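# Geometric and topological summary
Here is what each chain is made of, one letter per residue.
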Amino acid sequence: MKKAKSFEISKMMVVEAWKRVKANQGAAGVDKESIADFERHLKDNLYKIWNRMSSGSYVPPPVRTVAIPKKTGGERMLGIPTVADRVAQMVVNLHFEPMVEPHFHEDSYGYRPNKSAIQAVGVARKRCWRYNWVLEFDIKGLFDNIDHELLMRAVRKHTDSKWILLYIARWLKAPFQKGDGTLIERRKGTPQGGVVSPVLSNLFLHYVFDAWMKRNYPELPFCRYADDGIVHCRTKSEVLALKEVLKARFEECKLELHPEKTRIVYCKDKNRKEEHPTTSFDFLGFTFRPRLTKTREGNFFVNFSPAMSNKAGKEIRQKSRRLELQMRSDKSLEDLSRILSPIIRGWINYYGSFYKSALYPTLRHLNTILVRWVMRKLKRLKGHLTKAVYWLGGVAKRQPDLFPHWKIGVRPTAG
């Protein structure tokens, strides 16, 4: 007689979890097994995950760590679970996320279904027109510092499922493994890079911040995307008081507001006459600041609004350079279009949502790279910059659909 499994976990759910992990791709973990390697023995690998999870014997392996440079300097540790562990985490995520998602605040936008960063930027833009002051805040090392006991208390509030509780607790304790094989014990935090980490961090901050704000400051709207957030206030005294109270609230929950990235901002425009040293802030790749805006009637006025930040533009230019397209003389222009177009389209769709013209200098930089490619590809144009620009400009005129930025009028021009 077959022994009954400790936990009822559907085999179909494990298959669905695998499909999502495969779609997300990602690097190999400590076992060096890639997505392709895992798929070679797919049936056996999925059966092992289901069998071990169902019996309560699944123990997550260590998490491979990779140092990722921060935009502001220093490094962030990214955790990369094995492919099998990502599938196991996805099984839990598929069960647990629907339990907590309906309880989350409407102004929490990070890592949530049907929510996006661009929605948060749009909402923030409208509120900056209605509220004079913003408290910009950033949580220092959120993923590294989440308290396990407080987090598990929040998890238990939403489920009494023994296997979900068991495996979340095990993932929180799974050690990090450095490149030299050294294991690092974990007493707090949830790995940035884990499948289940986003929903756990959102759940933690729901109780630390979102629900707390709704309860104590229902009149002050906010937008939060993971560990980045802004709160809109009416007066300077209100925002100053909130900053101190919020600092104490995060300390109570064993988190810390980043001292340099938590700032008070005055949303200055043509009607706001107060003086304050800080009249801009960055949020999700956009810089909010006073800008000269043209009305439909052709009149100009100063409006507090977002546009692509200089930092975001710099990152795009760096990414463009890393592609080293000018060295790809073995490719045709159509090949470059296939490589570049999805990337450029993503930039335009996101950063072009507000004050699109701020994106144009960065898109013109792409044209510069393409001109260099032309001079390398066509021997007759080698060293002839102006001729290469005219040649590429002619292509852009005849085939404006070849690159998304050509389609919106950002084409190669001399001078």
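Just so we're clear, the structure is a prediction, and the values are computed from it rather than from any experiment.

### Describing the sheet that holds strand β4 (residues 176-177)
What the four strands build is an open sheet, ordered β2-β1-β4-β5; its pairing is mixed. Every interior strand has two partners, whereas the edge strands, β2 (75-80) and β5 (183-184), have only one. Alignment of strand β1 (residues 63-69) against β4, held across two bridges, turns out to be parallel. Each residue of the ladder has a partner; that of Val63, found in β4, is Phe176.

### Focus on the nonpolar core
The biggest cluster of nonpolar side chains holds 67 residues, and the ones touching the most others in it are Met53, Val92, Phe96, Val231 and Phe250. Excluding residues within four positions of it along the chain, Val92 makes contact with Met53, Trp163, Ile164, Tyr167, Ile168, Trp171 and Val196. Core analysis: the next-biggest nonpolar cluster, separate from the first, contains 50 residues, Ile369, Phe403, Trp406 and Val410 among them.

### Quick look at a positive patch on the surface
Together, Lys314, Lys319, Arg321, Arg322 and Arg372 line one region of the surface with positive charge. No other element matches the four residues that helix α11 (residues 310-322) contributes to the positive patch. Classification of Arg322 as exposed rests on a relative accessible area of 60%.

### So, the packing of aromatic side chains
Going through the model one piece at a time under the given rule, you end up with 18 aromatic pairs. With centroids separated by 6.2 Å and ring planes inclined at 50°, the aromatic side chains of Tyr167 and Trp171 adopt a geometry described as tilted. Here the residue Tyr167 and the residue Trp171 both occupy positions in helix α8 (residues 162-173), the gap between them amounting to four residues, near one helical turn. Taking the relative accessible area as the measure of exposure, Tyr167 reaches 0% and is therefore buried.

### Things to note about empty space enclosed by the protein
Which parts of space are left empty comes out when a probe the size of a water molecule is rolled across the atoms. Inspection of every chain in the model, using the stated rule, returns one cavity of 30 Å³ or more. Lining the largest cavity, in full, are Val63, Pro81, Asp85, Gln89, Trp171, Leu172, Ala174, Thr190, Pro191, Gly194, Val196 and Ser197. Looking at the lining of the largest cavity, the elements with two or more residues in it are α4 (83-100) and α8. Partitioning the lining of the largest cavity into residue classes produces seven nonpolar, four polar and one charged.

### Things to note about the packing of α4 against helix α9 (residues 197-216)
Packed helices, taken two at a time, are described by the angle their axes make and the gap between the axes. Contact pair α4 / α9: the axes reach a minimum separation of 10 Å and the direction vectors enclose 25°. With respect to each other, α4 and α9 are oriented roughly parallel. The interaxial crossing formed by α4 with α9 has left-handed handedness. For the pair α4 and α9, the contacting residues are Asn93, Phe96, Glu97 and Val100 in the first and Val199, Leu200 and Leu203 in the second. When grouped by side-chain class, the residues that make up the contact of α4 with α9 number five nonpolar, one polar and one charged.

### So, the layout of surface pockets
Of the voids in this model, the second largest pocket is the one considered here, and its volume is about 570 Å³. Residue lining of the second largest pocket: 23 residues in total, with Asn24, Met90, Gly194, Val195 and Pro198 positioned closest to the centre. If one sorts the elements of the lining of the second largest pocket by residue count, α4 sits on top with five residues. Here the residues of the lining of the second largest pocket are counted per class, giving 11 nonpolar, nine polar and three charged.

### What about the sheet that holds strand β10 (residues 286-294)?
Spatial ordering of the open sheet is given by β9-β10-β11, a layout of three strands whose pairing is antiparallel. Edge positions in the sheet fall to β9 (281-283) and β11 (300-308), since each of these pairs with one other strand and no more. On average, each strand axis in the sheet is inclined to that of its neighbour by 50°, with strand direction left out of account. Note: β9 against β10, three bridges, orientation antiparallel. By the bridge assignment, Asp282 is partnered in β10 with Thr287.

Rules and cut-offs
Residues numbered from 1 in each chain as written. Predicted model: local features only at pLDDT ≥ 70, side-chain atom pairs only at ≥ 80, totals over all residues. Heavy atoms only, no water. Pairing = 2+ DSSP bridges. Helix = DSSP H or I, 4+ residues; strand = E, 2+ residues; numbered from the N terminus. Core = buried A, V, L, I, M, F, W, Y, C linked by side-chain atoms within 4.5 Å. Buried < 20%, exposed > 50% of the residue type's maximum accessible area, 1.4 Å probe, protein only. Contact = heavy atoms within 4.5 Å. Patch = residues over 30% accessible without salt bridge, like charges linked within 9 Å, V, L, I, M, F, W, Y side chains within 5 Å. Areas by Shrake-Rupley, 256 points an atom, 1.4 Å probe, with all protein chains shown as cover. Salt bridge = Lys/Arg side-chain N within 4 Å of Asp/Glu carboxyl O. Lys, Arg positive; Asp, Glu negative; His and termini not counted. Charge placed at Lys NZ, Arg CZ, Asp CG, Glu CD. Phe/Tyr/Trp six-rings, centres within 6.5 Å; stacked < 30°, edge-to-face > 60°. 1 Å grid on protein atoms, 1.4 Å probe; cavity = no way out; pocket = protein on both sides within 12 Å on 5 of 7 lines; lining within 4 Å. Points joined across faces, edges and corners; volume = space filled by probe spheres on them. Nonpolar A, V, L, I, M, F, W, Y, C, P; charged D, E, K, R; others polar. Axes fitted to C-alpha atoms, helices over the stretch in contact; angles between N-to-C directions. Parallel < 35°, antiparallel > 145°, perpendicular 65-115°, else oblique. Left-handed = near helix turned anticlockwise from the far one by under 90°.

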